[in-house]
Amino acid sequence: MHKTLILKAFNKAEAERILLGDKKPSLTNKAEDIADYVSQETGLVLGERSYRDYRKDAEALKISDGDINIKQHKVVCGLLKYLEFDNYEEFKKVNEATINNNPNLKVKKKTSSKFDVKYKITLGILCSLIIIFLSFKYLNTQRWMSWDGKQYIETSFDEKKLERGVLRLYNHDRLIGFKKITPNCNTKFYTESGNANLWYGKNENGVLEYFTAIGKHPKTGKTLKEITDYMIKKHVCID
């Protein structure tokens, strides 16, 4: 069932990007969208390459009864939430009918009549109009945000910014809790339970920058790393 889970997640990521105007979403971009969502929802940072590998394995088993094994439990939970399922049993129940179908069954081809051809053309036009309408409605009702250098701020839709990758879907947690700071020796680097309270990564010029939440660097798109005692002593509290 993990095979179906990852494939459906990539299908959703593709559909969302198309709605945003990305006519041919790349596999990497789709994987990055999924990775971002899962990390924000579960706190687990897993590179987009891992998601592409899971998808590759799932595609290889697409026409067989075999399945893949997604090792990280948080990834499974994140994917379920991404697909709007409350739990794995619910997902399994909804999809078991499809999975139990035999994909190797051969269906006898029918010769299309002129009526069938006209029907398909009409249906195709209607679907295109519906997609255009939904895309327009989505772009004008969806909330957006962009990076101002220190934090995310809510902003209006801008097609040029979207094409440049500057515009992002509104995320309340990112807007409130994700900020760039300049730490010093008095900064609270860890929570009371010992978990990281600061993350770091290099900007496009190779300079270290520090952020208050887990995620990816707003400019480079690379996954941020947890702060460590070594990094604190070497780059923040320098003797």
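Right above here is the structure, for reference.
About the cut-offs
Residues numbered from 1 in each chain as written. Predicted model: local features only at pLDDT ≥ 70, side-chain atom pairs only at ≥ 80, totals over all residues. Heavy atoms only, no water. Phe/Tyr/Trp six-rings, centres within 6.5 Å; stacked < 30°, edge-to-face > 60°. Buried < 20%, exposed > 50% of the residue type's maximum accessible area, 1.4 Å probe, protein only. Lys NZ or Arg CZ within 6 Å of the ring centre and 35° of its normal. Helix = DSSP H or I, 4+ residues; strand = E, 2+ residues; numbered from the N terminus. Pairing = 2+ DSSP bridges. Polar contact = N/O pair within 3.5 Å; in protein donor to acceptor, adjacent residues only side chain to side chain. Salt bridge = Lys/Arg side-chain N within 4 Å of Asp/Glu carboxyl O. Axes fitted to C-alpha atoms, helices over the stretch in contact; angles between N-to-C directions. Parallel < 35°, antiparallel > 145°, perpendicular 65-115°, else oblique. Left-handed = near helix turned anticlockwise from the far one by under 90°. Contact = heavy atoms within 4.5 Å. Nonpolar A, V, L, I, M, F, W, Y, C, P; charged D, E, K, R; others polar.

Draft legend 1. Fine view of the packing of aromatic side chains. One pass over the structure, following the stated rule, counts nine aromatic pairs. For the ring pair F85 and F91, a centre distance of 5.2 Å and an interplane angle of 90° mean the geometry is edge-to-face. For F91, a relative accessible area of 0% translates into the label buried. Site record: aromatic cluster; members linked through ring pairs are W147, Y152, F178 and F211. Cation over ring: K12 sits above Y82, and NZ or CZ is 4.6 Å from the ring centre. In this arrangement the basic side chain of R55 is found over the ring face of F10, its NZ or CZ atom lying 5.7 Å from the centre.

Draft legend 2. Structural detail: the pairing of strand β1 (residues 144-147). Going residue by residue along β1, you find W144 and S146 tucked away on one face and M145 and W147 tucked away on the opposite face as well. Strand direction decides the pairing type here: β1 and strand β2 (residues 152-155), joined by four bridges, are antiparallel. Bridge pairing links W147 to Y152 in β2. Following β1, the chain reverses through four residues before pairing antiparallel with β2; G149 in that reversal takes a positive phi of roughly 110°. For β1 and strand β3 (residues 168-169), the ladder comprises two bridges, and the chain directions are antiparallel. The residue bridging W144 from the neighbouring strand is L169, located in β3.

Draft legend 3. Up close: the sheet that holds strand β5 (residues 199-202). Pairing is antiparallel across the open sheet formed by four strands, whose spatial order is β4-β6-β5-β7. Two strands in the sheet have a free side with no partner beyond their single neighbour: β4 (180-181) and β7 (225-226). Relative to β7, β5 runs antiparallel, the two sharing two bridges. When the sheet's bridge partners are listed, W199 is paired in β7 with E226.

Draft legend 4. Geometry of the side chain of N203. Note on placement: N203 falls in the loop between β5 and β6 (208-211). A distance of 2.8 Å separates a polar atom in the side chain of N203 from the backbone nitrogen of N205. Side chain to side chain, N203 and E209 meet in a polar contact 3.2 Å long.

Draft legend 5. A look at the pattern of salt bridges. Taken as a whole, this structure holds 10 salt bridges when the rule is applied. Between E84 and K12 there is a salt bridge; the shortest N-O distance is 3.9 Å. Placement of E84 in the loop between α4 (73-82) and α5 (88-99) and of K12 in helix α1 (residues 2-19) is noted, with a sequence separation of 72 residues between them. Assessed through its relative accessible area of 23%, K12 is described here as partly exposed. A salt bridge links K81 to E41; the shortest N-O distance between them is 2.8 Å. Of this pair, K81 sits in helix α4 while E41 sits in helix α2 (residues 27-42), placing them 40 residues apart in sequence. Since its relative accessible area comes to 45%, K81 is described here as partly exposed.

Draft legend 6. Structural context of the sheet that holds β3. In spatial order, the strands read β2-β1-β3; together these three strands make up an open sheet with antiparallel pairing. Strand pairing shows two members of the sheet lacking a second neighbour, β2 and β3, which therefore form its edges.

Draft legend 7. Region of interest: unusual backbone geometry. The phi torsion at E84 lies on the positive side, around 65°, for a residue other than glycine. Given a relative accessible area of 65%, E84 falls into the exposed group.

Draft legend 8. Seen up close, the packing of α1 against α4. Packing of α1 against α4 brings their axes to within 10 Å, and their N-to-C directions diverge by 50°. Relative to α4, the element α1 is oriented oblique. Considering how the two elements wind past one another, α1 and α4 form a crossing that is left-handed. Residues H2, L5, I6, A9, K12, A13 and E16 of α1 form the contact with α4, whose participating residues are V76, L79, L80 and Y82. Here the contact of α1 with α4 is composed, by residue class, of eight nonpolar, one polar and two charged.

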